[in-house]
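Close look at the chain arrangement
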Amino acid sequence: MNGVDIDRSGDGPAARERRDRAAGVVSAALADRDAIAFVHAGADRDPGIRYALPTPTSGPTAIAYDGVENEWLVRSAANDASGHPAERLASALADRGLEGTVLTPPRVPHDAALYLEGAGFDLASTDALERARATKTDGERARIAAAQRAASAGIRRAASLLADATVVDGRLVIADGDGTGSEPLTPARLRTAIDEAIVGSGAFPAGNTAVDPGSDAGTDAPLQPGEPIVLEAAPRDPAGYYGGLVRTLVVDSDGGRERRVHVAVTQSFRSARSMLTAGTESVTAVAADLEAEVRSFGFAEGDAIETDVSGVGLEPRERPLAGGSDVGPGTVVRLDVAGQVDANVRVRIADVLAVHEAGERPDWLAAPSQSLEPTALLD
């Protein structure tokens, strides 16, 4: 129809479920605003583009939801290199006899907006697609869980190296490649091990792996016993969905303040889970509960407590993000809490939580032990 692809194909029920949810939310927005279509344009890896299409495209892509015919339309550089996809899509919508207001995301590319205006449409912004993405389908939760399992495999691999490390001259060492000697265990070596395990699990590190030894010694300096080591991974699965996992591990801990901080941080996760079992809460309320629970262990206002609550999906951080956004049934959120041990050292933990209906306990996705002991993650 006018050279425009009508998207009826897909890569399975999960993708169709996601597309149908997008169509439902967008249709409601069109009806509320008396608009005739929704249009978005961007690169093929744009989260909004990927969400609305069950079949990945290649190169610049423009999509539209025709609110009159109730169908998705797609133009991409892959199926026609002549002209900009947004220009061809705007012309096709006009050729269908559509007139009036077209809704677009607030950050639709400027050139796409000009093509739509040039075709005679009035433009108005909507966050409908972002709102649709905030609630995850069953298929999306499965993809996030897959990414989280890869993150867990990476963190567990690092824990295995730490568990096997020995202390020589005040630094951690591990057996070298041929097993005849030893070599220092460094942040760079741990990061490589995490990434290798993530790839081995079928995901991509996506440049999000980090190892923080709590000092300014650098990535090549040997790690030391008794110091908290923060490990972070947020891999992407082949379908484009992210996980997010942080653990803090200590080799030969002598207890002390890091143990107290650790108990407070882990208890905050239990409190937030109970809170979200009771019903929907705002991002601000969940973050405040996390901090309040940590401080209930005797930490003063001057003690640094960092909390972050955000959605996770086709982006490492996505809705719900803003303070008033709901964390409710169907959302998948990353809870990230850090408590300061001293000026340079902190205990930090992050996990991903899938929220269900009120009264049903949310699920931690692929969460290894939150213990400070490396061996505890290997069970």
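Residues numbered from 1 in each chain as written. Predicted model: local features only at pLDDT ≥ 70, side-chain atom pairs only at ≥ 80, totals over all residues. Heavy atoms only, no water.

**Focus on the side chain of E71**
We count it as follows: Starting at the N terminus, helices and strands are each numbered in turn, a helix being any DSSP run of H or I of at least four residues and a strand any DSSP run of E of at least two. We call two N or O atoms a polar contact when they sit within 3.5 Å, provided that within protein one can donate a hydrogen and the other can accept it, with sequence-adjacent residues counted only if both atoms are side-chain atoms.
Secondary-structure assignment places E71 in strand 4 (residues 71-76). Reaching out from E71, the side chain makes a polar contact with the side chain of R96 at a distance of 2.7 Å.

**Comments concerning the domain arrangement of the protein chain**
Short version of the rule: Domain start and stop positions are those given by an automatic or database domain assignment. Contacts are residue-level and defined by heavy atoms, with any inter-residue pair within 4.5 Å sufficient. Buried area: the accessible area, evaluated with a 1.4 Å probe, that two parts lose upon being put together, summed over both parts. Note on definitions: salt bridges are taken to be side-chain nitrogens of Lys or Arg within 4 Å of carboxyl oxygens of Asp or Glu. Residues are grouped as follows: nonpolar covers Ala, Val, Leu, Ile, Met, Phe, Trp, Tyr, Cys and Pro; charged covers Asp, Glu, Lys and Arg; every other residue, Gly included, is treated as polar.
Examined at the domain level, the protein chain breaks down into domain 1 (13-133) and domain 2 (138-377). The gap between the C-alpha centroids of domain 1 and domain 2 is 37 Å. The interface is formed by eleven residues belonging to domain 1 together with twelve residues belonging to domain 2. Across the interface of domain 1 and domain 2, roughly 910 Å² is buried in total on both sides, 43% from carbon and sulfur atoms. Our enumeration of links across domain 1 and domain 2 arrives at three salt bridges. Inspection of the region where domain 1 meets domain 2 yields five residue pairs in polar contact (both at pLDDT 80 or more). Counting only elements with at least two residues in the side of domain 1 that touches domain 2, the list comes to helix 1 (13-33), helix 2 (47-52) and helix 5 (128-134). Each residue belonging to the side of domain 1 that touches domain 2 can be placed in one class, and the counts come to three nonpolar, no polar and eight charged.

**What about the packing of helix 3 (residues 85-95) against helix 4 (residues 110-118)?**
Cut-off, in case you're wondering: For every element, the axis is a line fit to its C-alpha atoms; helices are fit only across the contacting stretch, and the angle between N-to-C directions ranges from 0 to 180 degrees. Comment on the angle field: the value is read as roughly parallel under 35 degrees, roughly antiparallel over 145, roughly perpendicular from 65 to 115, and oblique elsewhere. Rotating anticlockwise by less than a right angle from the far helix to the near helix defines a left-handed crossing, while the corresponding clockwise rotation defines a right-handed one.
Contact geometry for helix 3 and helix 4: axes closest at 9 Å, N-to-C directions at 25°. Between helix 3 and helix 4, the angle is such that the two are roughly parallel. The two elements helix 3 and helix 4 cross, and the hand of that crossing is right-handed. In contact with A86, E87 and A90 of helix 3, helix 4 contributes A112, Y115 and L116. In the contact of helix 3 with helix 4, the residues fall into five nonpolar, no polar and one charged.

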